[in-house]
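Geometric and topological summary
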Amino acid sequence: MTNRVENVDVCVIGAGHAGCEAALACARKGLETVIFTVNIESIALMPCNPNIGGTSKGHLVRELDALGGEMGKNIDRTFIQSKMLNTSKGPAVFSLRAQADKAEYSKSMRMVLQNQDHLTIKQAEVTQILSTVNDEGKRIITGVRINTGIEYLCKAVILCTGTYLKARCLCGESITHTGPNGLQAANSLTDSLLDLGIRIRRFKTGTPARLDGKTIDFTKMEEQKGDERIVPFSFSTDPEMIQKDQISCYLTYTNEETHNIINNNLGRSPLYSGVIEGTGPRYCPSIEDKVVKFAEKNKHQVFLEPEGISTNEWYVGGMSSSLPEDVQILMYRSVPGLEKCNIVRNAYAIEYDCIDATQLYPSLEFREIGGLFSAGQFNGSSGYEEAAAQGLVAGINAAESILKEDYLVLDRSDAYIGVLIDDLVTKETTEPYRMMTSRAEYRLLLRQDNADLRLRKYGYEHGLVSRSEYDYVIYKEEAIKKEVERLKSISVGANKEIQEFLASKGSSSLKTAASLAELICRPELSYEILSPIDPSRENILSEDILEQVNINIKYEGYMKRQLKQVEQFKKMEHKKIPESLDYNNIQSLRKEARQKLIIHKPVSVGQASRISGVSPADISVLLIYIESMKKSDER
Ligand SMILES: Cc1cc2nc3c(=O)[nH]c(=O)nc-3n(C[C@H](O)[C@H](O)[C@H](O)COP(=O)(O)OP(=O)(O)OC[C@H]3O[C@@H](n4cnc5c(N)ncnc54)[C@H](O)[C@@H]3O)c2cc1C
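Definitions and limits used
- Residues numbered from 1 in each chain as written.
- Predicted model: local features only at pLDDT ≥ 70, side-chain atom pairs only at ≥ 80, totals over all residues.
- Heavy atoms only, no water.
- Pairing = 2+ DSSP bridges.
- Helix = DSSP H or I, 4+ residues; strand = E, 2+ residues; numbered from the N terminus.
- Axes fitted to C-alpha atoms, helices over the stretch in contact; angles between N-to-C directions.
- Contact = heavy atoms within 4.5 Å.
- Expected span 1.5 Å × (residues − 1).
- Buried < 20%, exposed > 50% of the residue type's maximum accessible area, 1.4 Å probe, protein only.
- Arc of directions from axis to C-beta.
- Phe/Tyr/Trp six-rings, centres within 6.5 Å; stacked < 30°, edge-to-face > 60°.

**Details of the sheet that holds strand β7 (residues 119-123)**
Sheet strands associate in pairs through backbone hydrogen bonding, adopting either a parallel or an antiparallel arrangement. In spatial order, the strands read β7-β3-β2-β11-β23; together these five strands make up an open sheet with parallel pairing. Only two strands of the sheet have a single neighbouring strand rather than two, namely β7 and β23 (372-374). Sheet twist, expressed as the mean angle between neighbouring strand axes with direction ignored, is 20 degrees. Across three bridges, the pairing between strand β11 (residues 156-159) and β23 is parallel. Residue pairing for β23: L159 is matched across the bridge by S374. Of the strands in this sheet, β2 (10-13), β3 (33-37), β7 and β11 touch helix α1 (residues 17-28), which is tilted by about 165 degrees from β3.

Structure, rendered in structure tokens:
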């Protein structure tokens, strides 16, 4: 009787948003992959907000799609409302957000996994990581053991355990040792990770109640409709195929009464009574935190979001909580429109084990354990999109580690995914990390609309994007360049016809001749508006190309400036730090900097410069030392 499974290349622990992308990436690169989950019904489960995308998170989904990931396509198949956010601002912060039918989203992703060659789904709890020490004295992965004792021998393991490790859920005084939605927690793996010397910490997050839709009075709320023209998340989705009727969300507000109920019961909140040990996300605060920390505010926004077509549950966005049920009922019923609401599922907080991701390389492989990768909430991030983006990168790199190919490492000037991973593996995050546009220095270049132009080539090089998808991007780049040059080369005179046209568009008259490109730079004008005075415009360009032509012309100056900054940034990123460098030999390095550099082992001078406690002076010392090492090697 054998208790071993041998012919496996990669084991993915977790079928959440990170695990699904990781497993699909490995299987699509032809590797025999097994994906484990404690409960098969929790594949791509959305235990919190019923939407994908939003500010900066929409960028992550577009980038993941451009690289060959699945989330973008899956939400295009299962959305019930779609909206482009921040359209009153510049294109750098335009972000798509789609409300998902949660049950359909999970079902659709499960179908994709089930139909994927080289991929096996296994419902089981992984209880141990198997490893050995190789001839060079490095610990490397050899497999995993599951709760039944069966061992899966493999060459790489990807940890995507999310909010399940030693999870406990808190709703007032009620504490249950389960994962989200009452699913089984995974209580054994943490000890195995500690045995491997991995540093573990405890984080927390929370979710609001789900209310019965037939007990909500939507007439007392502001309806929030989706966009007329729906824009897909995936570059592979035909926009014409997804135009459909949508379900609205609704906006209401808390009030003094709500805040009083909360303030009067703070002592019964595990968050304020000290029962909760884990650290929560600053940018996804519970309603208790909002009322305490922003006491001057007399109301907070509350968004009622549908959980799906075949359910009557409504998600109360903005009111996550861990207060006891009896207080929750009073609290929610104090909100206009919810006076008679019934709670279907209570709000609760969840605590879980996760890691300090500075133990990882930018490839998401553990520095000290070869073949062990990690992604998602377990890395200290928060959000479906952040998890999925890391899952894809970890999946690609686990596969490349077996195929002996170059890793995919995106830097801060390539993608939001590069910013996300660099922040996690370089900077000490002390709370669940949520992506925001303000975290990206080069956000005018890292827009959600040009993710394909920036990243398709990497997806193609790593075998997840087809030749035809890549060819389209090459054609698109060429078409954009040609059209921008054409618009710069055509000038119109300050004649009567042009002046009348400009006046009709509310645009000021010309003093001298100007190129069409110069006119497009005027906020009130655009490529489309100028078509009557642009006779040589030959072919009808597609929406996506038009969008790029307009943006490249209107923001050319800003983009050129940012490209200059990127040049400087890349210089430091490309200054690699030799693995053999011993920081103890650099006398003039400050003590704190030496300690931090020894722990973090940055791969480049650029990464070293972002470690807190390492000053610009330390970086100059390091640069000089690396130069001297090079000279002595050349001798
Ligand atoms: C209550 C709650 C509130 C949240 N609130 C927010 C929020 O406000 N904002 C926000 O951005 N995000 C929030 N999230 C987080 C969001 O759900 C996660 O970011 C996202 O689901 C993370 O995806 P993941 O793939 O990393 O992990 P998960 O989706 O948690 O999936 C983990 C997977 O690992 C499996 N697993 C774990 N351990 C084992 C094991 N030992 N063996 C086998 N399988 C295992 C599980 O079965 C599951 O399939 C919340 C999550 C919860 C639970």
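**So, the environment of T148**
The residue T148 is located in the loop between β9 (139-146) and β10 (151-153) in this model. On a C-alpha basis, the gap between T148 and G606 in space is 46 Å, while along the polypeptide they are 458 residues apart.

**Topic: helix α19 (residues 616-634)**
Between its terminal C-alpha atoms α19 stretches 27 Å, which fits the 27 Å expected from 19 residues at 1.5 Å a residue. What α19 keeps buried is the set D618, I619, V621, L622, I626 and M629. Taken end-on, α19 shows its buried residues confined to a sector of 155 degrees, consistent with a single buried face. The exposed residues of α19 that point more than 90 degrees off its buried face are P616, A617, I624, K631 and E634. Residues of α19 that are buried make contact with α16 (556-573), α17 (591-600) and α18 (605-609).

**With respect to the packing of aromatic side chains**
On inspection of all chains with the given rule, the structure shows nine aromatic pairs. Arranged with centres 4.7 Å apart and planes meeting at 50 degrees, the rings of F218 and W314 form a pair that is tilted. Remark: W314 occurs in strand β19 (residues 313-317) and F218 occurs in the loop between β15 (210-212) and β16 (222-224); sequence separation between them is 96 residues. Relative accessible area serves as the criterion here: at 21%, F218 is assigned to the partly exposed category. The buried category is assigned to W314, whose relative accessible area is 10%. Measuring from centroid to centroid gives 5.7 Å for Y472 and Y475, while their planes differ by 45 degrees, and the two rings are tilted. Of this pair, Y472 and Y475 both sit in helix α12 (residues 467-489), three residues apart, roughly one helical turn. Accessibility expressed as a relative area gives 34% for Y472, which makes it partly exposed.

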